[in-house]
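Coordinate analysis (summary)
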Amino acid sequence: MDSSISDKLENELKKHLGNALPAHAATDIHAALELADTLKSKGFGFHLKDLCPGSPDQTRWQAIFSKNNDEFTADHPDASVAVCSAAIGALTTPETPTSLS
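Criteria and thresholds
- Residues numbered from 1 in each chain as written.
- Predicted model: local features only at pLDDT ≥ 70, side-chain atom pairs only at ≥ 80, totals over all residues.
- Heavy atoms only, no water.
- pLDDT = per-residue confidence, 0-100.
- Contact = heavy atoms within 4.5 Å.
- Salt bridge = Lys/Arg side-chain N within 4 Å of Asp/Glu carboxyl O.
- Helix = DSSP H or I, 4+ residues; strand = E, 2+ residues; numbered from the N terminus.
- Expected span 1.5 Å × (residues − 1).
- Buried < 20%, exposed > 50% of the residue type's maximum accessible area, 1.4 Å probe, protein only.
- Pairing = 2+ DSSP bridges.

1. Some remarks on the confidence of the model for the protein chain
Averaged over all residues, the pLDDT of the protein chain is 90; the fraction at 70 or higher stands at 89%. Overall, residues 96-101 carries pLDDT values under 50, and its contacts beyond four positions in sequence, including any with other chains, amount to 15 contacts.

In structure tokens form, the structure reads like this:
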């Protein structure tokens, strides 16, 4: 994955989460799932779906955060990028506080 994508995602998330952002969330699925747990603790629902189940040569993941009947969805071949992208969508809506830290 292009490191500039992960840097951009993490910089944007840091604006909203500050020190609550797990290190390497855009490149490490374990850290991305910690990010999902952080948002879940703030009232968001979360679901990660494999869009290419059983495919030996294709990967595509869809991450969904939900709150107040709104869904924030992103998909990407890298699950951690999908989670971070969906999280940014969830955190940048007018109804969501700008900081969750």
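2. Comments concerning the pattern of salt bridges
One pass over the structure, following the stated rule, counts three salt bridges. The salt bridge partner of Lys-40 is Asp-37, with a shortest N-O separation of 3.6 Å. With Lys-40 and Asp-37 both in helix H2 (residues 29-41), this residue pair falls three residues apart, about one helical turn. Its salt-bridge partner being Asp-75, residue Arg-60 comes within 2.7 Å of it at the nearest N-O pair. Of this pair, Arg-60 sits in the loop between strand E1 (45-50) and strand E2 (61-67) while Asp-75 is found in strand E3 (residues 70-76), placing the two residues 15 residues apart along the sequence.

3. Some remarks on helix H3 (residues 79-91)
Taking 1.5 Å per residue, 13 residues should reach 18 Å; H3 reaches 18 Å between its end C-alpha atoms and fits that length. Here H3 has its buried residues at Ala-79, Ser-80, Val-81, Ala-82, Val-83, Cys-84, Ala-86, Ala-87, Ile-88, Ala-90 and Leu-91.

4. Concerning the pairing of E2
Across six bridges, E1 lies against E2 in antiparallel orientation. When the bridges of E2 are listed, Leu-48 appears paired with Ala-63. Sheet analysis places E2 next to E3, joined by seven bridges and oriented antiparallel. Note that in E3 the partner of Gln-62 across the bridge is Asp-75. Hairpin remark: E2 followed by E3, antiparallel, with two residues in the connecting loop; positive phi at Asn-68, about 50°.

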